[in-house]
Each structure stands twice: as C-alpha cells, then as structure tokens.
Amino acid sequence: MSNRMWGGRFAEGPDAIMEEINASIDYDRKLYRQDIEGSKAHVRMLAARQIVTPDDAKAIVQGLDTILSEIESGTFTFSRALEDIHMNVEARLAELIGPAAGRLHTARSRNDQVATDFKLWVRDTLDTLDDQLSELMQVLAEKAELHAGDVMPGFTHLQSAQPVTFGHHLMAYVEMFARDRSRVRDARKRMNESPLGSAALAGTSFPIDRKMTAEALGFDRPTANSLDAVSDRDFVIEALSCASITAMHLSRLAEEIVIWCSAQFGFVKLSDKFSTGSSIMPQKKNPDAAELVRAKTGRIYGSLQGLLTMMKGLPLAYSKDMQEDKEQAFDGLASISLALAAMTGMMRDLEPVIKTMKKAAGSGYATATDLADWLVRVLGLPFRDAHHVTGKMVALAVDKGVELHKVPLEDMKAVEPRITQEVFSVLSVDKSVRSRTSYGGTSPVNVRKQARRWLKALAAEKA
C-alpha cells in the first residue's frame, strides 16, 4: 500500500523501526498553535492572490480553528503514523472539510512550514525569557536598594578582599542579567524574518505574497534566500547560546547562595519554600533549589552542544537530521525558564544575616587597601611603598593574632614612624565602603542610585 503522505513514489509503507525513528509527533505537537497560526496566514494569502478560492480558504480557516479547539480541549487524537504535527493537522482538516484541505499545502513545503513554526515558537519563548529576566532584575534591585548600606566581605579567590555592601553584590547580578536580556532581545530581532513561502528549497512558481504572510505572523520581513531559509537553525542555536550564558550567571549566584547558607558562612537565610530536609538528619535545611539551578546549567549547555554538533556537517538545504533540533531546544529553553523562575522566588524570599556579614567583612584584613590608600593620601607615599608598608603591618597583625584595626599604634609606628591615630578612622568597614564613591563603586550612595535607576527603567517598560 502506498504512503499517502509521500505520494505515489513509494509502493509500501514504512517499516515499524523506520516509523519509530522517523516520527516526531511525540514532541513537535508542542508547535500546534504556531502550525495552525502559520497555516491560516498562508491560506489567507493564497486566497488574496487568487491561488485558492475564497470559499476554500474560509473552510480551511474554520477547520483549523476547530482543530485548535480540539487540541486545547484534549479531544484531538495524534497519530504517530502521520509523523509530525503538520501532517496530523492536515489529515484532521481533510476529515473535517474534505478535498479542499489538500489546497492548503499549495506553494509551501514542510521544510518552510516547520522553519516558520519553530521560529514562531522560539520567538514566543524569547519573549517569555525577556519578561522573566526583567522580573528577576527587579527583585534583585529592590533588595539591593533595601540593603545598600549593609556591609559584607568582598572576595577574590574566595578569600576576603575588601568590604562591599550586600546591595552592591546584588547589583552586580542585575548588570549580568541586563546583558543577558539584551542578548535575548538581539536574538529576537535577528531571527524575526519569515521563511514561509520558501517552499522545499527553491521557492515556488505560484504568485505568492511573502510580505503578506510575514506581516500577518508578526515578522519584520520575509527571508531573502530560500535555501538559507529552510536550512537555517541559527535562531535556535542563538536562543540556546543566550540561555547558556544566562544559566552560567544563574549558576554563579546559585553557588553563592549554597555557600552563604552554610553554617560556616551563615550570611543568608533561605526560606522553607526553596529548601528541603534530610530523611536521616533532622537538623538539615538544604538549599536544593539553588543546587538544582546550578545543575540545570549543564543540561542547557548540553542542548546547545547537541544542536551545534548536529548542524555542523549538514549540506544545504534541509536534511532529516534537523528533526533533532526540537527536543534539544524544548528541553534547554524549558530548563532556563524554570531556573529563572526558581532563582526569582529564592531571591525574593532570601534574607541576609546582617550582623554575621558585617563581622566577616572586618576579618581577613579586608581594610588593608584602605590603609595603603591612607598612607598615599595623607603621608604622600608612592603606592608601591605604601603597599609594602601595609604588607608589613598585616604580617604584624598575623603574628599577634589580631585584626588590623587592633594592632597598637606604637607597633604601627615601628613600621612607619609618621603614622598617627587618624589611621584608625579608615580601618572600619563602614567607612571603607562609604569611601568607595567612584562611579560603579560600593558606596551606599552609589548602590542606591544604581538600584533606583534600574527600578525606574524597569517600571517605565511596563507602563
């Protein structure tokens, strides 16, 4: 028996194993809304160009609307024998309206159809990620403004470096996620060209209006080359690239939450809503949500790497290998969306332990740079000399087993005779952070200004 979908070229249907490896309906049914939307735009254009009759176009649109309702109500029956979402919809359309359904596929191929559907889906997903990033940035900026003056250790090499504020630390992530958001928006703009009408690979001889369908589907313009249009998956790769960079930033923040929640640090408290316990140790409160955000990063990277590897050896135009793009994209982009939602919830509920952070900020000789700056500013030492003098004083503090601000003045004078009591004024962590007034620095005034700037910008976008 010939395969109706492939036409008269085949005398027999596919082997069961061929059907198993070839079918994509188990996952590409996710594209049903985009497939129906694209088909409606296509048939309306065909009617406008007098390629199909108005009556046939009307029947097709009404049939597609019925199919949409059936899928959304759960009454639609998907068939693996029909391979994919496109043929499932078309077969049901034929059941509903008869032979007129066959006119829908005039002047298009499944190649440009799937490229269009997939672009529409990725575009919708990027819009969702944009909104999620905005929400996370707002949560972080609000918390940063609230804690603009609360001191914590700043680290390099995970060793105490200089005091910063908790608000300043959070605003660093606002900047990171803002870059992620700009990448998402750039990717959306770049991908917003319609493949519909490119047909299998060479275009079509029918007098179609590709600008009409592009406009109907919200694209900026039709693609300029039919070969490229059906073989392009850059838009998916770029979306997963954006997701991977965002996931890396989320993972860094998740790692800090895991560290900060530990008994050894005790910098923050994570709410019960984003924590779990132990089946054997009743005292445990584990930051599992943060750990899972951290773990999702590898999964998202894998989706990107899988798609890059699949595409790297394909000649133009379409190859069946490209069917493997959807599972990678669906999984990777669902994972980044879930990770963003989890991080937003965690950060909204997270509370800093201010006294613990401040105490830690004063340990580890974190104000050594402030001492060196004082030696330059007040005594006129060249910075390299001041660095050397300060290093000796830190060594002295280590020998005495005390923090820098508790080294007696007489001992400091033994290192540098011109030092006065005034030096202790720069050795407090509060004065240290207040002094960092350079643009982008950690002073509370700066942090509040930056947080308010972002909150105002985010609010203006929603207005």
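In what follows, the structure referred to is the one given above.
Predicted, not measured: the structure shown is a model, and the values here were computed from it. (Residues numbered from 1 in each chain as written. Predicted model: local features only at pLDDT ≥ 70, side-chain atom pairs only at ≥ 80, totals over all residues. Heavy atoms only, no water.)

### Considering the overall build of the chain
Moving on, step 1. Helices and strands together make up the secondary structure of the chain, namely 18 helices and 6 strands.
Moving on, step 2. Taking 2.2 N^0.38 as the reference for a compact globule, 463 residues should give roughly 23 Å; the C-alpha atoms of the chain span a radius of gyration of 31 Å, well beyond that estimate.
Moving on, step 3. Along the first, second and third principal axes, the C-alpha set of the chain runs to 100 × 50 × 40 Å.
Moving on, step 4. The burial tally for the chain puts 48% of its 463 residues in the buried class. (Helix = DSSP H or I, 4+ residues; strand = E, 2+ residues; numbered from the N terminus. Rg over C-alpha atoms; globule rule 2.2 N^0.38 Å. Buried < 20%, exposed > 50% of the residue type's maximum accessible area, 1.4 Å probe, protein only.)

### Overview of the side chain of Glu-416
Moving on, step 1. For Glu-416, the location among the structural elements is in the loop between helix H16 (409-415) and helix H17 (429-435).
Moving on, step 2. Note on Glu-416: relative accessible area 10%, which makes it buried.
Moving on, step 3. Excluding residues that lie within four positions of it along the chain, Glu-416 makes contacts with Leu-375, Leu-379, Leu-381, Val-389 and Met-393. (Contact = heavy atoms within 4.5 Å.)

### Topic: the packing of aromatic side chains
Moving on, step 1. Per the stated rule, a full pass over the model turns up 9 aromatic pairs.
Moving on, step 2. Each ring, one from Phe-155 and one from Phe-265, has its centre 6.3 Å from the other, and the planes form 55°; the classification is tilted. Of this pair, Phe-155 sits in strand S1 (residues 151-156) while Phe-265 is found in the loop between helix H10 (234-261) and strand S5 (268-269), placing the two residues 110 residues apart along the sequence.
Moving on, step 3. Phe-155 sits in the partly exposed class, given a relative accessible area of 27%.
Moving on, step 4. Between Phe-265 and Phe-267, the ring centres sit 5.2 Å apart and the planes meet at 75°, which makes this aromatic pair edge-to-face.
Moving on, step 5. Taking the relative accessible area as the measure of exposure, Phe-267 reaches 3% and is therefore buried. (Phe/Tyr/Trp six-rings, centres within 6.5 Å; stacked < 30°, edge-to-face > 60°.)

### Considerations on unusual backbone geometry
Moving on, step 1. Cis geometry is found at the peptide bond from Leu-316 to Ala-317, where omega equals 10°.
Moving on, step 2. Its location among the elements puts Ala-317 in the loop between helix H11 (288-311) and helix H12 (325-349).
Moving on, step 3. Not every positive phi belongs to a glycine, and Glu-83 is a case in point at roughly 75°.
Moving on, step 4. With respect to the secondary-structure elements, Glu-83 resides in the loop between helix H4 (54-73) and helix H5 (85-97).

### Points about the nonpolar core
Moving on, step 1. In this structure, Phe-118, Phe-177, Leu-250, Ile-336, Met-343 and Met-347 are the most contacted members of the largest nonpolar core, which totals 96 residues.
Moving on, step 2. The element that contributes the greatest number of residues to this core is H10, accounting for 15 residues.
Moving on, step 3. Contact partners of Met-343, with chain neighbours within four places excluded, come to Leu-136, Leu-250, Leu-253, Ala-254, Ile-257 and Val-293.
Moving on, step 4. Grouped together as the second largest cluster of nonpolar side chains are 20 residues, Leu-381, Leu-409, Met-412 and Val-426 included. (Core = buried A, V, L, I, M, F, W, Y, C linked by side-chain atoms within 4.5 Å.)

### A word on H4
Moving on, step 1. Along its 20 residues, H4 runs 29 Å from first to last C-alpha, staying within 8% of the 28 Å computed at 1.5 Å per residue.
Moving on, step 2. Positive phi shows up at Gly-74, right after H4, with a value of about 85°. (Expected span 1.5 Å × (residues − 1).)

### Focus on the pattern of salt bridges
Moving on, step 1. Applying the stated criterion across every chain, the model contains 31 salt bridges.
Moving on, step 2. For Glu-72, the salt bridge is made with Arg-33, and the minimal N-O distance between the two is 1.8 Å. Taken as a pair, Glu-72 in helix H4 and Arg-33 in helix H3 (residues 32-48) lie far apart in primary sequence, 39 residues in all.
Moving on, step 3. Looking at Glu-72, the relative accessible area reads 42%, which means it is partly exposed.
Moving on, step 4. For Arg-33, a relative accessible area of 40% translates into the label partly exposed.
Moving on, step 5. Note that Glu-461 and Arg-181 form a salt bridge whose closest N and O atoms lie 2.4 Å from each other. Remark: Arg-181 occurs in helix H7 (residues 166-191) and Glu-461 occurs in helix H18 (residues 444-462); sequence separation between them is 280 residues.
Moving on, step 6. Glu-461 sits in the partly exposed class, given a relative accessible area of 41%.
Moving on, step 7. Accessibility expressed as a relative area gives 7% for Arg-181, which makes it buried.
Moving on, step 8. The network of salt bridges with shared partners includes Glu-83, Asp-84, Arg-110 and Lys-320. (Salt bridge = Lys/Arg side-chain N within 4 Å of Asp/Glu carboxyl O.)

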